[in-house]
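# Commentary on secondary and tertiary structure
The lines below spell out each chain.
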Protein chains: 4
Amino acid sequence: VGARGYSGLELCRILLKHPAIQLGPCFATSADWKLSDFLPEASNVPVLPMSELNNACEKVDVVFLATPAEVSMKLAPALIQAGKKVVDLSGAYRLEADAFNKWYGHAHESADLLPSASYGLVPWAKPMPSGAGLVANPGCYATAILMGLIPVLRAGAIDASTLVIDAKSGASGAGRKAAENLLFTEVDGECLPYRVGRHQHLPEVQRYLAQWGGVEVDPIFVTSLLPVRRGIVAGMYARLSPAWAKLDDAAAEAKLSQAFNEAYGDYPLVQHAAGEKPAMLSLKRVAGSARTQISYVVKGGKLHLFSLIDNLVKGAAGQAVENVNRWLDLPAHAGLLDREGLL
Amino acid sequence: VGARGYSGLELCRILLKHPAIQLGPCFATSADWKLSDFLPEASNVPVLPMSELNNACEKVDVVFLATPAEVSMKLAPALIQAGKKVVDLSGAYRLEADAFNKWYGHAHESADLLPSASYGLVPWAKPMPSGAGLVANPGCYATAILMGLIPVLRAGAIDASTLVIDAKSGASGAGRKAAENLLFTEVDGECLPYRVGRHQHLPEVQRYLAQWGGVEVDPIFVTSLLPVRRGIVAGMYARLSPAWAKLDDAAAEAKLSQAFNEAYGDYPLVQHAAGEKPAMLSLKRVAGSARTQISYVVKGGKLHLFSLIDNLVKGAAGQAVENVNRWLDLPAHAGLLDREGLL
Amino acid sequence: VGARGYSGLELCRILLKHPAIQLGPCFATSADWKLSDFLPEASNVPVLPMSELNNACEKVDVVFLATPAEVSMKLAPALIQAGKKVVDLSGAYRLEADAFNKWYGHAHESADLLPSASYGLVPWAKPMPSGAGLVANPGCYATAILMGLIPVLRAGAIDASTLVIDAKSGASGAGRKAAENLLFTEVDGECLPYRVGRHQHLPEVQRYLAQWGGVEVDPIFVTSLLPVRRGIVAGMYARLSPAWAKLDDAAAEAKLSQAFNEAYGDYPLVQHAAGEKPAMLSLKRVAGSARTQISYVVKGGKLHLFSLIDNLVKGAAGQAVENVNRWLDLPAHAGLLDREGLL
Amino acid sequence: VGARGYSGLELCRILLKHPAIQLGPCFATSADWKLSDFLPEASNVPVLPMSELNNACEKVDVVFLATPAEVSMKLAPALIQAGKKVVDLSGAYRLEADAFNKWYGHAHESADLLPSASYGLVPWAKPMPSGAGLVANPGCYATAILMGLIPVLRAGAIDASTLVIDAKSGASGAGRKAAENLLFTEVDGECLPYRVGRHQHLPEVQRYLAQWGGVEVDPIFVTSLLPVRRGIVAGMYARLSPAWAKLDDAAAEAKLSQAFNEAYGDYPLVQHAAGEKPAMLSLKRVAGSARTQISYVVKGGKLHLFSLIDNLVKGAAGQAVENVNRWLDLPAHAGLLDREGLL
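What comes next concerns the included structure. Nothing here was measured: the structure is a model prediction, and the numbers come from that model.

The omega torsion of the bond from Val122(A) to Pro123(A) falls at 15°, within 30 degrees of zero and hence cis. Checked against the element boundaries, Pro123(A) lands in the loop between strand E5 (118-119) and strand E6 (133-136). Positive phi, close to 60°, is recorded for Asp329(D), a residue that is not glycine. Look at Asp329(D) and you get exposed, because its relative accessible area is 72%.

Our focus in this paragraph is the interface of chain A and chain D. Facing 45 residues of chain A, the contacting portion of chain D comprises 45 residues. A salt bridge links Glu190(A) to Lys284(D); the shortest N-O distance between them is 3.8 Å. Applying the counting criterion to the chain A and chain D interface returns 32 residue pairs in polar contact (both at pLDDT 80 or more). With five residues, strand E13 (residues 302-309) of chain A is the largest single contributor of residues to the side of chain A that touches chain D. Residues belonging to the side of chain A that touches chain D are distributed by class as follows: 24 nonpolar, seven polar and 14 charged.

This next bit is on the state of the cysteines. By the definition in use, this model includes zero disulfides over all chains. The thiol of Cys57(C) is unpaired, and the distance to the nearest cysteine sulfur, on Cys26(C), comes to 10 Å. There is no disulfide at Cys140(D), and the cysteine sulfur nearest it, in Cys191(D), is 15 Å away.

Take the packing of aromatic side chains next. Residues and elements named next belong to chain A. Summed over all chains, the structure comprises 42 aromatic pairs over all chains. When the centroid spacing of 6.2 Å and the interplanar angle of 35° are considered together, the rings of tyrosine 119 and tryptophan 212 count as tilted. Of this pair, tyrosine 119 sits in strand E5 while tryptophan 212 sits in helix H8 (residues 201-213), placing them 93 residues apart in sequence. In this structure, tyrosine 119 and tryptophan 212 share a single accessibility class: buried. One aromatic cluster is present, built from ring pairs that chain together Trp124, Phe260, Tyr264, Tyr267 and Tyr296. Over the face of the ring belonging to tryptophan 244 we find lysine 255, whose NZ or CZ atom lies 4.8 Å from the ring centre.

This brings us to the relation of the copies chain A and chain D. Note on the copies: chain A fits chain D at an RMSD of 0.0 Å, the axial shift is 0.0 Å, and the rotation between them is 180°. The symmetry that links the two subunits is that of a two-fold axis. Comparing interface residues between copies, 100% of those in chain A also sit at the interface in chain D, which points to an isologous, same-surface contact.

Turning to the pairing of strand E6 (residues 133-136) of chain C, a few remarks are in order. Residue and element names in this part refer to chain C. Because side chains alternate across E6, one face comprises the buried residues Gly133 and Val135, and the other comprises Leu134 and Ala136, equally buried. In terms of strand pairing, strand E4 (residues 85-88) meets E6 through four bridges, oriented parallel. The residue of E6 that forms the bridge with aspartate 88 is alanine 136. Two strands pair when backbone bridges link them, and strand E5 (residues 118-119) and E6 are joined in this way by two bridges, in the parallel orientation. Note that in E6 the partner of serine 118 across the bridge is valine 135.

Conventions and cut-offs
- Residues numbered from 1 in each chain as written.
- Chains lettered and ligands numbered in written order.
- Predicted model: local features only at pLDDT ≥ 70, side-chain atom pairs only at ≥ 80, totals over all residues.
- Heavy atoms only, no water.
- Helix = DSSP H or I, 4+ residues; strand = E, 2+ residues; numbered from the N terminus.
- Buried < 20%, exposed > 50% of the residue type's maximum accessible area, 1.4 Å probe, protein only.
- Contact = heavy atoms within 4.5 Å.
- Salt bridge = Lys/Arg side-chain N within 4 Å of Asp/Glu carboxyl O.
- Polar contact = N/O pair within 3.5 Å; in protein donor to acceptor, adjacent residues only side chain to side chain.
- Nonpolar A, V, L, I, M, F, W, Y, C, P; charged D, E, K, R; others polar.
- Disulfide = S-S within 2.5 Å.
- Phe/Tyr/Trp six-rings, centres within 6.5 Å; stacked < 30°, edge-to-face > 60°.
- Lys NZ or Arg CZ within 6 Å of the ring centre and 35° of its normal.
- Least-squares fit on C-alpha atoms with pLDDT ≥ 70 in both.
- Pairing = 2+ DSSP bridges.

Here it is in structure tokens:
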């Protein structure tokens, strides 16, 4: 649902080649829009108006909601009721009700679903029980940040009170909506901060760092708009914890390397390396991919950590498919090892 | 009028530093927009709502309309009536009534002004008589093309029946309007044709090539959207005329050089050079400038002619100021030799 | 051979996922370069110095030369001698000896191989006989242009004496070589012509338009550098032939559509559509893909034809794989239907 | 000296229009390079080979060295000896000898000049005494950072032990040198960190924050390469000091505003504003300008400070001219209020 948006289109692209999932009907608000113009392989996939959603979903097992939070919170209850597995790519089910109301600026219309929604950060999330259910697919910034910080916090490497996050995102992160400030002429040549200290992904980061990293953090958090189409670079900076500060820099980097190996040893979609600019690090090469690239430099007891993802794949559609893969007992990365840039 | 648009803002920028013109009140539809956010020197320039136009214009000599054609054709009559010099940057007064109706898709509402409107291609246009009047400021593509082709046609250099024009424009040419197809994510990485064979600047080019070049032409005409903020590159290609085809290529280039010298010898805002890639040729360096850069290569009896302008300066605001300069008996380039990129 | 260049790297990317070809050892001049930094799946692929080429090739069936023409013309003879199938991505074997000497500016060192080299434009080229042999993989501009023009010429649609080609290429077309004029600061914001009328792909276009289109053409030919990473847009313009000029525009477009269907009906890697801006047309979406996108507009008896490819895939590595697929009696598009942008 | 580099060319552009300084001969290593190709107004300015430097400088009062540090440290002594005012744009004279040797990786060849060199951060630097002398023009990152942080530190606003600096620069900051990692195809689509924790501007920042801010700081310091041509965005983040942390956020922002007014009230080249995204903030609009744009947000006791400059103007050529303006008792901003983008 929401096939015409950037994340929705990525979902279609991935699902069309998925070895074990078949793409069913898609839903879009724009009547004359043709999926096969964007994905030549999709000539047999019907694109239906939203009004046909409930009928048309009868035959499907899984529904992906690539819709705004306000739409998702209206659509999800009936789908769950109908026994569907639902993966919501919006922010509707990532926070508790109070936090949602505060950070999204309007009241939740299906808050009763919140307790049962599972925050689908892969590989950290627990597998879903079979049967109907709701996965809240993580936000793009939150994904990049959590993938990098959880192992660091678990290892006790940093003094969390010194944490600063400076994350930059490509323009597709804002979605395909006509807005003056997203015009080429406006975005090109700039790199400006926005929603400073009040981005709705901040409480999401805090909630799940507490859950999986075991630490309550109150970081400085800045987001900026990059003049690139896709990709997030999250820079995360902190002083080492007292215990780690006794190590020399190389030893600290080695221990970090070990921490990432432990965290992601069984998970094929993370690449990590110590060093200032590991050759594998590249926003362009992570684009189209469900991978997360992580690099780290320790210098004078300070940690410089970078996490790169494609905001539309690991940060949206790709992770949504990972969640379904696990739900269906497929390998988490099924259909996801092919990197492929659509934009 | 229309200060908030890209062309309007350029006008303000140029006029603020003009040695002999003082910028009066500006008009914009957006109430809370502040000109001084964009031009720090403009803190004393009032920005008024459109409703105050007629009152506020009482004290001014010249009114620039940086508004869409539909708005300009409504505003111009009263301003002329009030004795103002009016320079209209839209397409409202560049064509005859029939052609306007056909190419702009709606009926002209002040067609009676058309016969007296002067098409302000500088230096080709005749000076305006003093007193009230209306200058139709040329279109951006038309300017780039006419500046390059008029001297060539006057020299009899080409077989006009073979003429092909492939012109590319930066994204600011489409104005500051929120539209999906102008989003950064859409424009970046592309260079797609649009309005193929039906761009409204085609009849404008034809009309004034006939007037100043002395030849009726029916060229192949293609426009494309470049992933750059500002600037037009117009490529113009033709076989040489039989007389010129007898020359060797170097001799033909030398004669073209002479033709451009004759055309623009007294006009400081054209740079021209023979050769494949003269070092002066640069869209970035013409940006912010009222200059036109022209280069030409003759190879095997074929002419490859390139004309580069800034769509917002020579192609809009800068040429509008040239027109007023001449109207006020100032040097055509007064206030225009400073190059300065705003976007 | 030449795995570190942009085309070489694309070859590795494609071959790693090819269902029927196994990537053997790669060769690069840079000793400390690691393929797996760019392609995580390639951790087991050895990268060897050029000196080990002849030894290491013993076990392989096919050798791809992604090397400059000067290198290819030295390497190919021994490889052919050793019984290998050789696909050369350079310009070394696309022209006759005299033409090569003239357009490439130096003498050919293995001109005796030229008569047996097969110009591998797929699907136009005839299949290779089994056994050793040499395929000259077409140039990127030439590919885009020939794919668009051959069906048009075969249909007798245009007056070839009026043909003008204005082709623009992304910066990866110039290869990964450090050069001042290819720096980001230089290329960004520009779209300048280069090698006007003297690009080495012109004789290649002429030779094979004659061979497969049946017409000797002497087009105006312009190439420009686009500020995008990858992709070619070739604009091709001509007056219709007298026979076709009698048709109205829509009928001419319909006949063109038929001509493209006949030419490419059995070939899955061409998308074509009449119309000013078909929704499928997109440089970004063709990037990473072996597809060719073709659109055409007839207006007033004039043809506006556009052909879009990825210069690194259909214009280089992807077509090289198509050639080997056919050589090995695989479907031409084996391993090529996945679109995937690496840059 | 060094007119062909990006900073050198900017110097020429500014000086050509300076109301009180006349541009003398320029020096470049490339023999056939013509300044007037880049600056049409410069047709009378001679460009000489470096070998003529000492002779040709006889008649000039001021010499600008827009050369690498290794060249500047060789050229400066003789020029000072000859009684010239010298402004060096390189890093040769910004640090003490030991620090230079460590951070620039080679021994200083004219360390005896270091004690008398004046670090020219305007408006913080004291005016130069008349007569010969040496100004070390500040580095681009250092300028952006110091302009933002000095007033903050003087006001005692932050806990300096929590300071993190994440600064991003456009590609022109790396100069016009052919390097693979600066190719368009490499830079476009990326935003990667480099020289993490070891950038040579770090000790420069530390030295002058101590001098003018009164605090020894040991910040986390990250630099990244932006896919834009020019401009630096320096993000500076810290927890408020205990005294300031007692204020509510709005009160803290108001006090910061006062601190910037006190620091820059008499200096016309700083714009500052509290707020998340003040409308004046724009890398594109600061491009070509000697201005510094500063914005600040206080949220929950955390400071988010942004400082934007053009790396080539305030970060290089423009500040060099400011230094000479003050040396010659001209207004600091003479010749600098015109904004004009060359790239």
